[in-house]
Structures are given as C-alpha cells and as structure tokens.
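Analysis of the macromolecular model
Residue-level listing of the chains:
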Amino acid sequence: MAAADLTLGAPAFDDHDPPAAELYKKCVHCGFCLPTCPTYALWGEEMDSPRGRIHLMKLAAEGKANLTDSFVQHFDRCLGCMACMTACPSGVRYDQLIEATRAQLERRYRRSLGETLHRGLIFALFPYPGRLRAALLPAWAYQASGLRALLRRTGLVKLLPRQLRSMEALLPALSLRELSAPLPPARVPAQGAVRQRVGLLTGCVQRVLFSEVNAATVRVLAAEGCEVVIPREQGCCGALMVHAGLEERARAFARRLVDVFDRAGVDTIVTNAAGCGSSMKEYGHLLRDDPRYAERARAFAARCKDVSEVLAELEPRAVRQPLPLRVAYHDACHLQHAQGVRAEPRRMLGTIPGLELVEIPDAALCCGSAGIYNLVQPEAAAELGDRKASNVLSTRPDLVVSANPGCLMQLASGLQRAGRRVPVLHTIEVLDAAIQGTPAAQLQARA
C-alpha cells in the first residue's frame, strides 16, 4: 500500500455525500474487473484497478489514508469508462463511487497552479458552445495557414507545452463552414404519420465540431416518422462536470436542462453523444437531494434515450440504399457500459443493405477519450488510442464508426499516428447516408 499514506487519523472525506459504504462494501475483490480496466491493462498496478481504487476509498473513509499526491493520482488516472461495472458479478455501482470520490477531491485537495489553470480553461470553454467556437477560430487559422502541417512535418510540434500538445493532437480538421453552422430548425416535422414527438440534445462539442451529426440525426428521425423539437435555450448537460467531480456546476446545468425539456413537451429526449446520454439518465441520482427537482429529474431521466434506442423501437420506414462498405463499429464506453446499449447500434447499422459490420478486438477496452481524460492524462490516453487504432486496423475497415464525439476525435488521432487514412464517422451519419442515397465513395472520401 505504498501508493497511499496510511497514517491513522480523521476520515479524509467530508460529510457531504462521501463514497457510500454500502456501495464499496459490495466489492468482494474477486478480480473480474481487472482484465477490463484500461489503466490496469497499461500498468498492472493494483491501485490503478477498480478494486484497488475502491480499497483506497475505504481507507480514506476510515481515516487510514490521506489525500496525498499519489493517492489522488490513482483516481485521476481512472477513465471512468465503467467497463468494470459490466464485468462485476456483485453489481458494484462504481460510477457512483468514483463520482462521489472525485467530488471530494475537488473540494479537499489542492492541485498545482498549472493543473488548476489547465482544468479551469477546459471547463470555461467546453460546456459553452459560443466560447468554444470563438476559441477555435485561431485553431482554424493555424490549420488553414499551413502552420500545423509545417510544425508536424518538422517535429517542432513536440516543443509545445504538454497541455497544448495534447489539444493540438486531438484537433480535428476545422472549417469555417462547420464552425459557423447554425442549429437545425427549432421544429422539424415528421415525414408521414407522426410516430413520436422527440426533443434533441444538441450538445456542446457536438454542436461546434460535429454539427453534421446533429443534422443527420434530425433527418433520420424525421424520415422515420418523428417530429423533432430542438429547444433554443438548451445548454450543457453537465456530463463533463459530473465526471470530473464538479458536482454543483453539474447540478446547475441539469436543473436548467430539465426545465427546458419539460417546457418542450416531448415524449422522448434523444441524445447522440454517449457521455451526455449516460449522465442525463442519471439525473435522478444527481438531483436526489433537491426537493424541487428530485422527482422531475427522475421523470426526465426515464425519457432519455440514445438515438439508436429510439430507432430500434421503430419499424424502419425510410428506404435504405445499399452501402457496400466494411464498417468497424467502436462501442463508446458510456454507451455500452454506462447505458448498457450494445445491440441497438448494431441493429441500426444492420438495416443498411450491403454493409458488412465487423467487430473490433478487445471491444470492451476504452479508446482513451473519456471526457477530458485525453487532455489531462495525454500520455495514457495516447497509449490507449494507439492500442485501439491497432485493433481497428486489424479488421481492414473501409469506415470506422462510433457514437460519441470524444471517441470520434480520439479514434481519428490514433489512426493518424498509425499513418492510416480511414474515415471516422458517427453511426447516425452512416444510416443517414443510406437513407439519403449518398454514394459509398463519398463517405470514404471523408478520411
């Protein structure tokens, strides 16, 4: 136990929602989580495994460990991918444990000035599409001027500070058209008889960097008989803050989103970003102690569905044109592990004639994106990204698809480091292409 300071004393956690003893005591330390944990796969360190971190939580709660740098590092290294929850035979709610622990660390542990500023910049930009769009304009100029290509070709990019280097590596190809793309209309009528009235979460990063994913989502839902409502006043869902321990900011975003979609009067709230969807489905837990919102949050969460879940419930109405492509599907962790949604995206892609769906080896292992993980733990994220890229390439795909914006950027970055130009698209973009009759060659040209 050299990783933590095991001096006796008062509990290291305060009384405000510490990791619940009834949750961490359910862990029997069987080890089923070990093969599925990305950080344990990288380093083989017990304290960088789910059961090791749970043991550290227990020690801290009992006053047998202090919040030292090494103690906190084990929790910072956790991706929060929730693969351990899928593997756990005891049903341990690791998601609630890690989120409660990180909230404690945010209140009770003082980070270095550099780390504090870096994290502060991330959370000042990413949850706010307007700010993020403005911040990306210099990045567009950096790309368009040829400076990015020059720095990479000469290797000078390695001289950038660590934090900037990690952001630069993940930056997708930017265009002014994408950065200035407006939201889809506030209301899009269903084609044919109305089967559902749905509201769409447009997201933050998704809205700015992947606006076409939202546009494709709207087109597909409308083609399948859904009236789509897109409230203009919606904001961030709070997922990034929940996963990083900024619980009060997350709750504020959650309350606002509940208000917005309650006013919209929709049957279902559709998400197309796995991380957003997983957090929104847990609003009942996040706002459980709020007397004004607890019941509304539970009702809100019950109406949240990934777009693949919505489409899986509807008998296909729109005609799909053939797409003779070999497609590797990457399971986003917060879709397969946190939400338990695995069959629906595959079923959705399976409705496309000519499409061959191939499975990626070690599919349960995270790609290294994990919210802001690839920005604050870039070395570990890059190693996981390279491993995922190698597994993807072993399937010899024409396309790679996933259902989360962070995964799309991480996969593209890993494939680029591997020297391969393979298009990385959102699953809904592929289905939209089949419905719109987009030629397969046009999708492949998006590499």
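In what follows, the accompanying structure is described. (Residues numbered from 1 in each chain as written. Predicted model: local features only at pLDDT ≥ 70, side-chain atom pairs only at ≥ 80, totals over all residues. Heavy atoms only, no water.)

**A short note on the pairing of strand S2 (residues 196-200)**
- Among the 5 residues in S2, 4 count as buried, and that is most of the element.
- Of the pairings in the sheet, the one linking S2 to strand S3 (residues 226-229) comprises 4 bridges and is parallel in character. Considered in S3, the bridge of Gln-196 is made with Cys-226.
- In the sheet, S2 pairs with strand S4 (residues 268-271) via 3 bridges, with the strands oriented parallel. By the bridge assignment for S4, Val-198 is matched with Thr-268. (Buried < 20%, exposed > 50% of the residue type's maximum accessible area, 1.4 Å probe, protein only. Helix = DSSP H or I, 4+ residues; strand = E, 2+ residues; numbered from the N terminus. Pairing = 2+ DSSP bridges.)

**Remarks on unusual backbone geometry**
- Notably, His-29 is not glycine yet its phi reads approximately 55 degrees, a positive angle.
- We classify His-29 as partly exposed; its relative accessible area is 37%.
- At Asp-362, a residue that is not glycine, the phi angle is positive and equals roughly 55 degrees.
- Within the secondary structure layout, Asp-362 lies in the loop between strand S7 (356-359) and helix H22 (373-376).

**What about the pattern of salt bridges?**
- Considering all chains together, one arrives at 37 salt bridges under this definition.
- Of the charged contacts in the structure, one is a salt bridge between Arg-197 and Glu-227, with a shortest N-O distance of 2.8 Å. You can see Arg-197 sitting in strand S2 and its partner Glu-227 sitting in strand S3, a full 30 residues away along the chain.
- Taking the relative accessible area as the measure of exposure, Arg-197 reaches 26% and is therefore partly exposed.
- A salt bridge links Asp-259 to Arg-296; its shortest N-O distance comes to 2.7 Å. In this pair, Asp-259 is assigned in helix H15 (residues 247-264) and Arg-296 in helix H18 (residues 294-302), connecting sequence segments 37 residues apart.
- Classification of Arg-296 as partly exposed rests on a relative accessible area of 30%.
- One continuous salt-bridge network, built from bridges that share partners, spans Asp-14, Asp-17, Arg-107, Glu-247, Glu-248, Arg-251 and Arg-288. (Salt bridge = Lys/Arg side-chain N within 4 Å of Asp/Glu carboxyl O.)

**Some points on the packing of helix H23 (residues 378-393) against helix H24 (residues 405-417)**
- Between H23 and H24, the shortest axis-to-axis distance is 8 Å and the interhelical angle comes to 75 degrees. Relative to H24, the element H23 lies roughly perpendicular. Every residue of H24 that contacts H23 at Ala-381, Ala-382, Gly-385, Asp-386, Lys-388, Ala-389, Val-392 and Leu-393 is listed here: Gln-410, Leu-411, Gly-414, Leu-415 and Arg-417.
- Grouping the constituent residues of the contact of H23 with H24 by class yields 7 nonpolar, 3 polar and 3 charged. (Axes fitted to C-alpha atoms, helices over the stretch in contact; angles between N-to-C directions. Parallel < 35°, antiparallel > 145°, perpendicular 65-115°, else oblique. Contact = heavy atoms within 4.5 Å. Nonpolar A, V, L, I, M, F, W, Y, C, P; charged D, E, K, R; others polar.)

**Considerations on the environment of Arg-292**
- Turning to its location among the elements, Arg-292 is positioned in the loop between helix H17 (283-286) and H18.
- Distance in space between the C-alpha atoms of Arg-292 and Arg-255 is 9.5 Å, their sequence separation being 37 residues.

**Points about the nonpolar core**
- Judged by nonpolar contacts, the single largest core of 106 residues is most densely connected at Met-280 and Tyr-283.
- At 8 residues, H15 tops the list of elements feeding residues into this core.
- Every residue in contact with Met-280, bar those within four places of it in the chain, is listed here: Leu-201, Cys-237, Leu-257, Ile-269, Thr-271, Phe-300, Ala-301 and Cys-304.
- Phe-75, Met-82, Val-92 and Tyr-109 belong to the second-largest nonpolar core, a separate cluster that totals 27 residues. (Core = buried A, V, L, I, M, F, W, Y, C linked by side-chain atoms within 4.5 Å.)

**Examining the sheet that holds S3**
- If you trace the 5 strands from one edge of the open sheet to the other, you get S1-S3-S2-S4-S5, paired in mixed fashion. Unpaired on one side and paired on the other, strand S1 (187-188) and strand S5 (304-306) mark the two borders of the sheet.
- Here S1 pairs with S3 via 2 bridges, running antiparallel. Bridge assignment links Arg-187 to a residue of S3, and that residue is Val-229.

**Observations concerning the sheet that holds S7**
- One open sheet holds the 4 strands; their spatial order is S7-S6-S8-S9, and the pairing between them is parallel. Among the strands making up the open sheet, the edge pair consists of S7 and strand S9 (424-426). If you compare each strand with its neighbour and ignore which way they point, the axes differ by 35 degrees on average.
- With 3 bridges connecting them, strand S6 (residues 326-329) and strand S8 (residues 399-402) associate as parallel partners. Across the sheet, the residue bridging to Ala-328 is Val-400, located in S8.
- Sitting on the sheet, helix H25 (residues 427-436) is in contact with S6, S8 and S9, with an inclination near 80 degrees to S9.

**Focus: the packing of helix H3 (residues 50-61) against helix H4 (residues 69-76)**
- Where H3 meets H4, the axes come as close as 10 Å, and the angle between the chain directions of the two elements is 135 degrees. Comparing the axis directions of H3 and H4 gives the class oblique. Helix-helix and strand crossings are classified by hand; for H3 and H4 the assignment is left-handed. Along its contact with H3, which presents Arg-53, Leu-56, Met-57 and Ala-60, the element H4 presents Phe-71, His-74 and Phe-75.
- Tallied by class, the residues present in the contact of H3 with H4 amount to 5 nonpolar, 1 polar and 1 charged. (Left-handed = near helix turned anticlockwise from the far one by under 90°.)

**A few points about the environment of Leu-176**
- Structurally, Leu-176 can be placed in helix H11 (residues 176-179).
- It is 35 Å that separates the C-alpha atoms of Leu-176 and Leu-365, two residues lying 189 residues apart in sequence.
- In this structure Leu-176 touches Leu-137 and Trp-140, once residues within four positions along its chain are discounted.

**Concerning H23**
- Along its 16 residues, H23 runs 22 Å from first to last C-alpha, staying within 8% of the 22 Å computed at 1.5 Å per residue.
- Taken together, the buried positions of H23 are Pro-378, Ala-380, Ala-381, Leu-384, Gly-385, Lys-388, Ala-389, Asn-391, Val-392 and Leu-393. (Expected span 1.5 Å × (residues − 1).)

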